[in-house]
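Take a look at the letters that make up each chain.
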Amino acid sequence: MNKKGQALVEFIIILPILIMLFFGSVDFGRIVIRKNELESLTTDIVKMYEEDKSYEEIEAFLKLNNKDNTIKITNKDNQYIEFYLQSKIGFITPGLNQILGKDYKVEVKRVVYYE
């Protein structure tokens, strides 16, 4: 019996699963990090709003820091303002973009009520 050949075949069978798990965890980590970055930016935006900065200054601050973000600032009936940030992340896991789509959208929304 050749035990070395059997171990090699088992390794080759398991290797694609290990690769998918590794790259999947890297993709998940990238999504969590990006969400954390957007949360931090949203907190900065709310602070700027509370310091009575204009919408143009806030949008300029965002464009300066991150050019790939989408921002929406919505004033709802003079009751509250919504700050919405969105960013897209491409997957590096082989085949995952074909299953889940090309990009994953990371979204953060913060609502500030008027006092």
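Parameters and conventions
Residues numbered from 1 in each chain as written. Predicted model: local features only at pLDDT ≥ 70, side-chain atom pairs only at ≥ 80, totals over all residues. Heavy atoms only, no water. Buried < 20%, exposed > 50% of the residue type's maximum accessible area, 1.4 Å probe, protein only. Helix = DSSP H or I, 4+ residues; strand = E, 2+ residues; numbered from the N terminus. Pairing = 2+ DSSP bridges. Patch = residues over 30% accessible without salt bridge, like charges linked within 9 Å, V, L, I, M, F, W, Y side chains within 5 Å. Areas by Shrake-Rupley, 256 points an atom, 1.4 Å probe, with all protein chains shown as cover. Salt bridge = Lys/Arg side-chain N within 4 Å of Asp/Glu carboxyl O.

**Student:** Explanation requested: the pairing of strand β2 (residues 80–90) in the structure shown.
**Tutor:** The two faces of a sheet get side chains in turn, since along a regular strand they alternate between them. With eight of its 11 residues buried, β2 lies for the most part within the structure. Relative to strand β3 (residues 103–113), β2 runs antiparallel, the two sharing 11 bridges. Each bridged residue has a counterpart across the sheet, and for F83 the counterpart in β3 is R110.

**Student:** Could you clarify how one ought to interpret a nonpolar patch on the surface in this entry?
**Tutor:** A surface patch of nonpolar side chains, about 570 Å² in accessible area, is lined by V9, I13, I14, I17, L18 and L21. With respect to the helices, strands and loops of the structure, V9 is situated in helix α1 (residues 3–50). Judged by its relative accessible area of 48%, V9 falls in the partly exposed class.

**Student:** When you look at unusual backbone geometry in this model, what are you seeing that I'm missing?
**Tutor:** Glycine aside, residues mostly have negative phi, and peptide bonds are mostly found in the trans state. Notably, D52 is not glycine yet its phi reads approximately 65°, a positive angle. By the secondary structure assignment, D52 is in the loop between α1 and α2 (55–65).

**Student:** I keep staring at the pattern of salt bridges and nothing clicks. Help me out?
**Tutor:** Scanning the entire structure with this criterion turns up four salt bridges. The residue R34 makes a salt bridge to E37 at a minimum N-O spacing of 2.5 Å. Within this pair, R34 and its partner E37 are both found in helix α1, separated by three residues, close to a single helical turn. Judged by its relative accessible area of 37%, E37 is partly exposed. The shortest N-O distance in the salt bridge between E39 and R110 comes to 2.7 Å. Placement of E39 in helix α1 and of R110 in strand β3 is noted, with a sequence separation of 71 residues between them. Note on E39: relative accessible area 29%, which makes it partly exposed.

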